[in-house]
Amino acid sequence: MKKLDLEQKKRIKKLFTVTGAVLGGGIGYMLFVKLTGWGIPCVFYLATGLQCPGCGISRMFMALAQGDILMAAQYNLLVLCLLPFGVALACYKAWQYVHTGNTPMKIFEKAFYIVAFLLCMLFFILRNQ
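Scoring rules and cut-offs
Residues numbered from 1 in each chain as written. Predicted model: local features only at pLDDT ≥ 70, side-chain atom pairs only at ≥ 80, totals over all residues. Heavy atoms only, no water. Helix = DSSP H or I, 4+ residues; strand = E, 2+ residues; numbered from the N terminus. Rg over C-alpha atoms; globule rule 2.2 N^0.38 Å. Buried < 20%, exposed > 50% of the residue type's maximum accessible area, 1.4 Å probe, protein only. Contact = heavy atoms within 4.5 Å. Areas by Shrake-Rupley, 256 points an atom, 1.4 Å probe, with all protein chains shown as cover. Core = buried A, V, L, I, M, F, W, Y, C linked by side-chain atoms within 4.5 Å. 1 Å grid on protein atoms, 1.4 Å probe; cavity = no way out; pocket = protein on both sides within 12 Å on 5 of 7 lines; lining within 4 Å. Points joined across faces, edges and corners; volume = space filled by probe spheres on them. Nonpolar A, V, L, I, M, F, W, Y, C, P; charged D, E, K, R; others polar. Expected span 1.5 Å × (residues − 1). Arc of directions from axis to C-beta.

**Student:** What is the right way to look at the overall build of the protein chain in this model?
**Tutor:** When helices and strands are counted, the protein chain shows 6 helices and 0 strands. Secondary structure elements in the protein chain, listed N-terminal to C-terminal, are α-α-α-α-α-α. Compactness check: the protein chain gives a C-alpha radius of gyration of 18 Å against a globular reference of 14 Å for 129 residues, more than 25% above the reference. Dimensions of the protein chain along its principal axes, counting C-alpha atoms only, are 55 × 40 × 30 Å. Counting over 129 residues, the protein chain shows a buried share of 20%. When contacts within the protein chain are restricted to residue pairs at least 6 apart in sequence, long-range pairs at least 24 apart make up 48% of them. Total accessible area computed for the protein chain in this model is approximately 9500 Å², and 74% of it derives from carbon and sulfur atoms.

Pasting the structure below:
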């Protein structure tokens, strides 16, 4: 296995810093919601009365944090199903970034984004009927 050079080590440090900030913010938000009962409302839902494809994501993650997968699925089944693929893609992109310094989009990534978008549109239509 090849040793990491100085630039790769810098990229790893940056990656951990950003990932830590995102996870820390998410955990902080979850604690805030848990302690206060206040969450960020969906502006789209407030304006239209329709649930957007992202409605329920905060509650889904709260349920996942408590180990309740069935409740998480009730809050947002689409995001729950796409989550493992998104995590795998994020790990691949992180590896790509560390080793090359850039992250050109591959054909399978474009396919994933297109399929995810189409699923979001279908999910939006079906959940609002």
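**Student:** What's the story with the nonpolar core in this structure? I'm lost.
**Tutor:** The nonpolar side chains of a soluble globular protein tend to be buried with one another. Among the nonpolar cores identified, the biggest contains 5 residues, and these are Met60, Ala63, Ala72, Val79 and Leu80. Residues contacting leucine 80, with those up to four places away along its chain left out, are Met60, Leu64, Ile69, Ala72 and Ala73.

**Student:** Looking at this model, I keep getting lost on the layout of surface pockets. Mind explaining?
**Tutor:** Empty space among the atoms becomes visible once a probe the size of a water molecule is rolled across them. The calculated volume of the largest pocket comes to roughly 430 Å³. Counting residues per element, the ones that place at least two in the lining of the largest pocket are helix 1 (6-36), helix 2 (43-48) and helix 3 (57-65). Of the residues forming the lining of the largest pocket, the biggest block, 4 residues, is contributed by helix 3. Among the residues making up the lining of the largest pocket, the classes are represented as 12 nonpolar, 6 polar and 1 charged.

**Student:** Mind showing me how you'd approach helix 6 (residues 107-127) here?
**Tutor:** An α-helical segment advances 3.6 residues per turn. Residues three or four places apart therefore align on the same side. In this model helix 6 runs 30 Å from its N-terminal to its C-terminal C-alpha over 21 residues, within 8% of the 30 Å that 1.5 Å per residue would give. Every buried residue belonging to helix 6 is among Glu109, Ala116, Phe123 and Arg127, and all of these are buried. Considered in projection along helix 6, the buried side chains sweep an arc of 50° and stay on one side of the axis. Helix 6 presents Ile107, Ile114 and Leu118 as exposed residues on the side facing more than 90 degrees away from its buried surface. Looking at the buried residues of helix 6, the elements they touch are helix 4 (69-75) and helix 5 (77-100).

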